[in-house]
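One-letter residues, chain by chain:
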Amino acid sequence: EIYHDYFFDEPAFNTHDGGYVPLEIADAPEKPLAIPARLKPDKETDTDIWYTVTAQAGETPILPGKKTKTWGYNASILGQTIVYPVGKHIHVALENHLPELTTFHWHGLIVSGPYVDGGCHAPVYPGETKHIDFTLDQPAATTWLHAHPCPSTAEQVWHGLATMVLVTDDHINSLPLPHHYGVDDIPLVLQDRRFHEDNQLDYHADYDPDGVQGPTALINGTVNPVFDVTTQKLRLRILDGANRREWRLHFSDDLKFAQIAGDSSLLPEPVYMDHLMLTCAERAEIVVDFAGYHEGQTVTLFSDDVPILKFRIHQFAADNTTLPDHLLTINKPEVDPKTPVRKIEMSGMDEAVMLDGKKFSMQRIDATQPVGQSQYWDITNTNEKDSGMVHPFHVHGTEFLVISRNGHAPYPNEHGFKDTVGVNPGETVRLLVRFDLPGVYMYHCHIIEHEDGGMMAQIQTYEPGKPMPKYKLMDMDTL
Ligand code: C2O
Ligand code: CU
Ligand code: CU
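Just so we're clear, the structure is a prediction, and the values are computed from it rather than from any experiment.

Thresholds, definitions, all that
Residues numbered from 1 in each chain as written. Chains lettered and ligands numbered in written order. Predicted model: local features only at pLDDT ≥ 70, side-chain atom pairs only at ≥ 80, totals over all residues. Heavy atoms only, no water. Donors = N, O, S within 2.8 Å, 3.2 Å for Na, K, Ca; no water. Buried < 20%, exposed > 50% of the residue type's maximum accessible area, 1.4 Å probe, protein only. Salt bridge = Lys/Arg side-chain N within 4 Å of Asp/Glu carboxyl O. Helix = DSSP H or I, 4+ residues; strand = E, 2+ residues; numbered from the N terminus. Phe/Tyr/Trp six-rings, centres within 6.5 Å; stacked < 30°, edge-to-face > 60°.

Asker: For this particular structure, what's the right way to read the coordination of the copper ion (ligand 3)?
Answerer: Ideal geometry at a metal centre: 109.5 degrees between donors when four sit tetrahedrally, and 90 or 180 degrees when six sit octahedrally. Protein coordination of the copper ion (ligand 3) is provided by His391 (ND1), Cys445 (SG) and His450 (ND1), with donor distances spanning 2.0 to 2.1 Å. What makes Cys445 buried here is its relative accessible area of 0%.

Printed below as a string of C-alpha cells:
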C-alpha cells in the first residue's frame, strides 16, 4: 500500500490566515547543500564520551553579498551534528559564548529534568560553562538540540540555535539502512527565514504571535541547495526546525519513498508514501530509492509547490538491498484502567494562546505523575475547525505512543515512539505517556511563539513512596 495524502485535516493547513507567509522560489544561485560536520568527542573510552558544545555567534554566507549574523553550536549557524550511542556515559560541557543567557535543551532525549533536560530552568549565563552527564536508555532516533530560555526560545532558534542529535544503538546499526553520514545518510533541517537589508535577520520586524515565518526556505542553512547523489538509496533525516511552518513534502514525479522512523524511534515497519507533512519539531526518517533515475537527471523536493532542495543524480552502483519488513518491536505498556485520563487543552491563537486555560508560569507545577506509570493523556485543540491552527504538542523527557485521533486510529506513520504530535483544530489526540526519570518537564505547543506566548505547562514526576524533591525553579526576574 502506498499512501498519497498528508493525513492532516486540510482546512487546518497553516496557509489560511492573514499572517501566513507563503514560501517563494529562492532568488539565489544554486549551492551545494551544507552537511553539518559531526562533532568530535573531546575524549572517548569504551564506556564514556566527553563533548564540548559551544553556543556561539558568527557570520554565515547565506545569500550573495553580505554575510548574515547568525548563532550556532560549534558552528556559525545551526551546529555540528552530535552522536550519542545508547548505553555510554555521556559528559557534556555546555559553553555559552553568546552575549545573553541561553539554555541547551535536548529535545527527544530521555534525560532528567529540569537541569540536564535544559529547559528554561537551566540557564547558562554568558561566559559560563556548565557540565552535565547522563546515560541514554532509549531507542535509536533522530533528535535535536535547541535553545529554550523563557521567553526567548523563538528568537534564539531564529538566530540559528538548533542542531541534530543522533541517538544510535546496536539494533539500528545492524539493519540494512544507509549509514554513511553525509554520503547516503543525510540530516535535513528545514527552516524558513526572511532576509532584510544587507542579508540580515530581524526577528522583531517579522514578529507574529502565531509564529514567525519568512518566504525563503533554508535547508541546513543553505538557500537553493543541491545535493549530489552518488548512491542508489538515500536516508534523509528530516527535522521541521521552523518556528511555525509546516512542511508538506513531495518529490518530482511523485517519487515514492519509505518512512522508516518518526520522532523518537523507528516505525514498527516501513510506511510507503509519496507525500509527507511535518509539523514543528517533528522528525521523519525516509529512504528514497533513485533506481529509476540515471546520471544527469535531477529530482526535486517540494514543499507545497515550491522547490526547496534538488538532488543531482550521479553514477551509482546498483543497490539490491531491500528494507526489512519489520524494523522495531514496540511493546505497548499496559494502562491500569483505574488510572484517570489526563485531559489537556490547547486553546486560542495569537496572544490568547493558553494551555489548560492558563499562561505558563515558571514557578508553578501544573501536574504530577509517578515515574513508571503509564497514563493516557487526551490532548484537545479547541481551535475552530476551519480557521484554527494545527498545534504541535510536545512533552519533554518522555517518548509517547499515539493511541487515537478523535477515537480513530492514528495516522499510518505514527506507530513508533514520538515526542511531538500535530493536533488538528477540534481534535482530541490520545497519547500513552510514561516517564522513567523523576524531575520537572515542560509540555507545550511547539509553534515556538506559542510556547513563548504561554501555551506551555510543567509536570513533576516522582518516585512513589519517596519524598517529593524540591527543584529550584527559575523565574523571569531571577534569570
Ligand atoms: Cu523542542 Cu520544550 O522543546
Ligand atoms: Cu523538548
Ligand atoms: Cu500552537
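Asker: Even after reading the chapter, I still don't get the pattern of salt bridges, so can you show me in this structure?
Answerer: Tallying each qualifying case throughout the model produces 24 salt bridges. For Glu30, the salt bridge identified is with Lys310, shortest N-O distance 3.6 Å. You can see Glu30 sitting in the loop between strand 1 (2–3) and strand 2 (31–32) and its partner Lys310 sitting in strand 23 (residues 306–313), a full 280 residues away along the chain. The salt bridge involving Asp263 is made with Lys418; its shortest N-O contact spans 3.0 Å. Note that Asp263 is positioned in the loop between strand 18 (257–261) and strand 19 (266–273) and Lys418 in the loop between strand 29 (401–405) and strand 30 (420–423), a separation of 155 residues in sequence. Overall, Asp263 belongs to the buried group, its relative accessible area being 0%. In this structure Lys418 comes out as buried when scored by relative accessible area, which is 5%. Residues joined in a network through salt bridges with shared partners are Glu30, Asp228, Lys310 and Arg312.

Asker: When you look at the packing of aromatic side chains in this model, what are you seeing that I'm missing?
Answerer: Given two aromatic rings, one states the distance between the centres and the angle between the planes to describe the pair. Summed over the entire model, instances satisfying the criterion amount to 22 aromatic pairs. Between Phe393 and Tyr443 the ring centres are 6.2 Å apart and the planes differ by 65 degrees, which places this aromatic pair in the edge-to-face class. With Phe393 in strand 28 (residues 391–395) and Tyr443 in strand 32 (residues 439–445), this pair connects stretches of sequence that are 50 residues apart. Its relative accessible area of 2% is what places Tyr443 among the buried residues. Taken together, the ring pairs connect Phe227, Phe251, Phe257, Phe290, Tyr293 and Phe311 into an aromatic cluster.

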